[in-house]
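Analysis of the macromolecular model
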Amino acid sequence: MEPRTANSSSQWCGWWLCVGPFPSETWWTGPDLLDRASQRSDKLHSLSTLLTQELDTHFPPIGRMMMPRPDMCHTSSLQGPKDKDQALQVSDHSLMSLVRSLLQSWRDPLLLLSAHSNTLPHPAQSSIASKIQELQENSKSLGDGLDILSGRMGPAAQVVSILPYQGTGDFGQDKISKLINFQFLLSCFR
């Protein structure tokens, strides 16, 4: 795509960058925001994978049998594509709406995981708490970036279906219940 010049003679814009007459008037567009969104998404996946692996090291065998089913997750009603082929058949606006809906629906549960991570009965408790904090920060950053992108995409991309978390916030009193409920909520995030 050829660079285009904005209305002002002192401003130059290409698809990915606009430069004003002063350094503070430079901003990024399109591909840079998409690249940063992709990096944040990859970071969220990596963190949730590491958290699951850490939790699994001391997860009681009975916990697997006692853990609620995935369809009990508060976001299970949001149906997304199952694979790359399905994703390619969904409009960009619909995908943006789905991802933003998921991120906004996870704000409260991430706060809950953060609060419980500080008292989690697990040998890697401090590492888990740190990773949960990183999940929160990256989730917020991704959400903020996607809000900007969706604004540029138009009204269809700005539709959001927020599914409020209906959990009580009580993870139980005993060690096994706390680990199971924490692991279940985290598994819903993944």
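Residues numbered from 1 in each chain as written. Predicted model: local features only at pLDDT ≥ 70, side-chain atom pairs only at ≥ 80, totals over all residues. Heavy atoms only, no water.

Looking only at helices and strands, one finds 7 helices and 4 strands in the protein. For the protein, the succession of helices and strands along the chain, N to C, is β-β-β-β-α-α-α-α-α-α-α. The long-range share in the protein, meaning contacts at least 24 apart out of those at least 6 apart in sequence, stands at 66%. Only carbon and sulfur atoms are counted for the fraction: they give 55% of the accessible area of the protein, which is about 11300 Å². (Helix = DSSP H or I, 4+ residues; strand = E, 2+ residues; numbered from the N terminus. Contact = heavy atoms within 4.5 Å. Areas by Shrake-Rupley, 256 points an atom, 1.4 Å probe, with all protein chains shown as cover.)

What describes two packed helices is the angle between their axes and the distance between those same axes. Contact pair helix α5 (residues 107–117) / helix α6 (residues 125–153): the axes reach a minimum separation of 9 Å and the direction vectors enclose 160°. Viewed along their axes, α5 and α6 adopt a mutual orientation that is roughly antiparallel. Of the two elements, α5 crosses α6, and the hand of that crossing is left-handed. Contacts between α5 and α6 involve Leu110, Leu111, Leu113, Ser114 and Ser117 from the first element and Gln125, Ile128, Ala129, Ile132, Gln133, Leu135, Gln136 and Ser139 from the second. Residues belonging to the contact of α5 with α6 are distributed by class as follows: 7 nonpolar, 6 polar and no charged. (Axes fitted to C-alpha atoms, helices over the stretch in contact; angles between N-to-C directions. Parallel < 35°, antiparallel > 145°, perpendicular 65-115°, else oblique. Left-handed = near helix turned anticlockwise from the far one by under 90°. Nonpolar A, V, L, I, M, F, W, Y, C, P; charged D, E, K, R; others polar.)

A cluster of nonpolar side chains, Ile62, Met65, Met66 and Ile176, forms an exposed patch at the surface whose accessible area comes to about 400 Å². For the nonpolar patch, the element with the highest residue contribution is helix α2 (residues 61–66), accounting for 3 residues. Tracing the backbone shows isoleucine 176 in helix α7 (residues 175–189). Residue classification places isoleucine 176 among the partly exposed residues on the basis of a relative accessible area of 34%. (Patch = residues over 30% accessible without salt bridge, like charges linked within 9 Å, V, L, I, M, F, W, Y side chains within 5 Å. Salt bridge = Lys/Arg side-chain N within 4 Å of Asp/Glu carboxyl O. Buried < 20%, exposed > 50% of the residue type's maximum accessible area, 1.4 Å probe, protein only.)

A few words now on the side chain of serine 114. For serine 114, the position within the fold is in helix α5. Using a relative accessible area of 16% as the deciding quantity, one classes serine 114 as buried. Apart from residues lying up to four places away in sequence, serine 114 is in contact with Ile132, Gln133 and Gln136.

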